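Structural overview
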Amino acid sequence: MEQDNNSGTYQAKQVKPFLKPLLIVSSIILIAIAIFGYRALSRKSRDKELINGAKSYYAKYDSLLPKEYGECVRLEINELAYKHYIKAEKYGVCDREKTYVKVCKLESGNYQYTPFVSCNGKDDIEYGEYVEGTEKDITPDVSDIRFTFLPQIFSNKSKIYYPSNKNNGDEVIEYYDKAPNEEYKYREANGIKAYKWYKSDNGTNYWNNGSFTSEKPDGYNKKGDEGEPVVKYSIDKPETKDYRTIKETILYRKKENSIARPFKYICTDSKVSGTVTSTTKCEERQTDKFKTTLGILYTCDGSTQVAQNTVCSQGEWSEWTINSCASEGTTQCESKKGYKYTDRVWKWYIEGNYRKYYPSGNASSKEENTYYLTSPAEGYVRDDDSEATVYKYFKTTDEVNGNTAGWIVIDDNYYTEEELFNKFKEYNFEVNSILDIKNNQNIQYEIKMEYRNRR
């Protein structure tokens, strides 16, 4: 303000017009810096408090830390606040389920602490996609990591390799990136880089040697002869397709269970007091006494008594069909509403110049599943775009052929920790922790670590 010497009043000093836009922009920048600078500082401060609180917590309660490489635990903010490792009032607007610290044990023995904060209905941290890596790739106490496990079991059975049924792996030249069929489901632990092979050809090429299918296979654009429709059943409604007819129906499935069997008989005699327990039916006893059955004892394993009609083991469910069944005796039957769907099928082919892949003869790389290190036959060249890490697959047999399976990979899937335990239980190993696996000489696993960083 400046004084008017003539009037004794004050007037505001006028801002020059060209300065007004600069002042507005400057104000906006200052406000933005204040807002976002506060947010960054607030989040950074909160992350630091959570991590330091978690580290102090586990310094006192170190028995609660993950014990083995690949194990992770979750420390809730309620626990941190209750033990006074963080100030609860700072997290009053935060989601208690989504705000926590994840702690994982690394291969080196160090621990990775990762805070997760969700306040005011929004996650404070956004991450990119998970990528496979190692401990040297992560940012300590910042990167989010996860572990999955490839289960392996030790087998004294012998190997028979796919597709030649040879028992000497050195004589097998075929490799696959996944199990070629359900019977040959095991693979060797170590993979190798290999390729698909093809040669150029001309003429008419039918998909999969003239097999029928509904969907147009990759690389085949002509529809040939129509085959016998394929009928399937499902509890879930199948996807609508132009070649498919769907009808609602009642479906059935059944399984044969093993139930407790008699193994001892309680025998009595009207002329003699007391009873006799016999492994032979009372009426068939080789004696004149105690030939009347008073009771029967049942067992599953031949020695331990169980109640009559106890289910000792569950059988495998059959596929769903429209064939009705009923539960009786050892047969258990189940019925549900479902769907019968019928798919039309055709032979598919191409004409002209094409690649012919070995050994299927298919014209598309996607339709070929066999890999080789070198050319499998004369005239075939390598498809460099098909490079993949592949394995030899086999099944096991009780027949001794001089090639013990040793360590075998159960299947191609990496599992979470809980899924890993359940997978081993399917093979009758009682596993509830990583330590249980390490203490068992017949099972092991391979670890894959993935990480993601903040955006």
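Residues numbered from 1 in each chain as written. Predicted model: local features only at pLDDT ≥ 70, side-chain atom pairs only at ≥ 80, totals over all residues. Heavy atoms only, no water.

Counting its regular elements, the chain contains four helices and 27 strands. Relative to a compact globule of 455 residues, whose C-alpha radius of gyration would be 23 Å, the chain shows 35 Å and is clearly more extended. For the chain, the C-alpha atoms occupy an extent of roughly 145 × 85 × 50 Å along the three principal directions. Within the chain, the fraction of its 455 residues that count as buried is 35%. Within the chain, contacts between residues at least 6 apart in sequence are counted, and of these 73% link residues at least 24 apart. A total accessible area of about 28,600 Å² is found for the chain, and carbon and sulfur atoms account for 45% of it. Looking at charge distribution, the chain has the averaged site of its 67 positive side-chain charges lying 4 Å from that of its 70 negative ones. (Helix = DSSP H or I, 4+ residues; strand = E, 2+ residues; numbered from the N terminus. Rg over C-alpha atoms; globule rule 2.2 N^0.38 Å. Buried < 20%, exposed > 50% of the residue type's maximum accessible area, 1.4 Å probe, protein only. Contact = heavy atoms within 4.5 Å. Areas by Shrake-Rupley, 256 points an atom, 1.4 Å probe, with all protein chains shown as cover. Lys, Arg positive; Asp, Glu negative; His and termini not counted. Charge placed at Lys NZ, Arg CZ, Asp CG, Glu CD.)

With that settled, the discussion passes to unusual backbone geometry. With an omega dihedral of 0°, the bond running from Tyr162 to Pro163 counts as a cis peptide bond. Secondary-structure assignment places Pro163 in the loop between strand E9 (144-161) and strand E10 (186-187). For Asn209, which is not glycine, the phi dihedral falls at a positive 60°. Tracing the backbone shows Asn209 in the loop between strand E11 (192-206) and strand E12 (212-213). Its identity is not glycine, yet Asn428 carries a phi of approximately 70°, on the positive side.

Moving on: the packing of aromatic side chains. Applying the stated criterion across every chain yields a total of 20 aromatic pairs. Pairing Tyr57 with Tyr58 gives two aromatic rings, centres 5.2 Å apart and planes at 90°, and the pair type is edge-to-face. Taken individually, Tyr57 and Tyr58 each receive the classification buried, so the pair is uniform in this respect. With centroids separated by 5.5 Å and ring planes inclined at 45°, the aromatic side chains of Tyr198 and Tyr357 adopt a geometry described as tilted. One end of the pair, Tyr198, is in strand E11; the other, Tyr357, is in strand E23 (residues 346-358), with 159 residues separating them in the sequence. Three or more aromatic residues link up through ring pairs in this structure, and these residues are Tyr57, Tyr58, Tyr61, Tyr85 and Tyr113. The positively charged end of Arg253 is found above the aromatic ring belonging to Trp317, 4.3 Å away from the centroid. Over the face of the ring belonging to Tyr195 we find Arg382, whose NZ or CZ atom lies 4.2 Å from the ring centre. (Phe/Tyr/Trp six-rings, centres within 6.5 Å; stacked < 30°, edge-to-face > 60°. Lys NZ or Arg CZ within 6 Å of the ring centre and 35° of its normal.)

This part covers the confidence of the model for the chain. Summing up the model confidence of the chain, the mean pLDDT is 88 and the portion of residues at 70 or higher is 91%. A low-confidence stretch, residues 1-15 stays under pLDDT 50, and its non-local contacts, those more than four residues away or across chains, total 14 contacts. Throughout residues 25-41 the model reports pLDDT below 50, and contacts reaching past four residues in sequence, or to other chains, amount to two contacts. (pLDDT = per-residue confidence, 0-100.)

Next up on the list: the sheet that holds strand E19 (residues 292-299). Sheet architecture is open: four strands sit in the order E18-E17-E19-E20, paired in antiparallel fashion. On the outer flanks of this sheet lie strand E18 (272-278) and strand E20 (305-306), each paired with one strand and no other. With five bridges joining them, strand E17 (residues 261-269) and E18 adopt antiparallel strand pairing. Of the residues in E18, the one forming a bridge with Asp269 is Val272. (Pairing = 2+ DSSP bridges.)

So, on to the pattern of salt bridges. Applying the stated rule across the entire model yields 23 salt bridges. Note that Asp137 is salt-bridged to Lys136, the shortest N-O span being 3.6 Å. For Glu188, the salt bridge identified is with Lys159, shortest N-O distance 3.8 Å. Taken together, the positions of Glu188 in the loop between E10 and E11 and Lys159 in strand E9 put the pair 29 residues apart, joining distant regions of the chain. On the accessibility criterion, Glu188 (23% relative accessible area) is partly exposed. Salt bridges here are not isolated pairs; linked through shared partners, they connect Lys102, Asp144 and Arg452. (Salt bridge = Lys/Arg side-chain N within 4 Å of Asp/Glu carboxyl O.)

A separate point is the pairing of E19. Note: E17 against E19, seven bridges, orientation antiparallel. The partner of Ile266 across the bridge, within E19, is Gly295. Inspection of the sheet shows E19 paired to E20 by two bridges, in the antiparallel sense. Each bridged residue has a counterpart across the sheet, and for Thr299 the counterpart in E20 is Gln305.

Summarising the element assignment, Tyr265 is placed in strand E17. Between the C-alpha atom of Tyr265 and that of Leu297, which follows or precedes it by 32 residues, the distance is 6.1 Å. Among residues more than four places away in sequence, those in contact with Tyr265 are Val276, Thr277, Ser278, Thr279, Thr280, Lys281, Cys282, Gly295 and Ile296.

The subject of this paragraph is a negative patch on the surface. The grouping of Asp95, Glu97, Asp123 and Glu126 at the surface amounts to a negative patch. The topology assignment puts Glu97 in the loop between helix H2 (77-82) and strand E4 (100-105). (Patch = residues over 30% accessible without salt bridge, like charges linked within 9 Å, V, L, I, M, F, W, Y side chains within 5 Å.)

The next subject is the state of the cysteines. Working definition: the covalent bond between the sulfur atoms of two cysteines is a disulfide. Under the criterion given, the structure shown has five disulfides. Bridging Cys267 to Cys282, the disulfide has an S-S length of 2.0 Å. As the torsion about the S-S bond is roughly -90°, the Cys267-Cys282 disulfide counts as left-handed. A residue pair is termed long-range when its members are at least 10 positions apart, and Cys267 in strand E17 and Cys282 in the loop between E18 and E19 qualify at 15 residues. With its sulfur 1.9 Å from that of its partner, Cys300 forms a disulfide with Cys312. Looking along the S-S bond of the Cys300-Cys312 disulfide, the torsion reads about -80°, which is the left-handed sense. Here Cys312 lies in strand E21 (residues 311-313) and Cys300 lies in the loop between E19 and E20, a separation of 12 residues in the sequence. Numbered by position along the chain, the disulfide-linked cysteines of the chain connect as 1-3, 2-4, 5-6, 7-8, 9-10. (Disulfide = S-S within 2.5 Å.)

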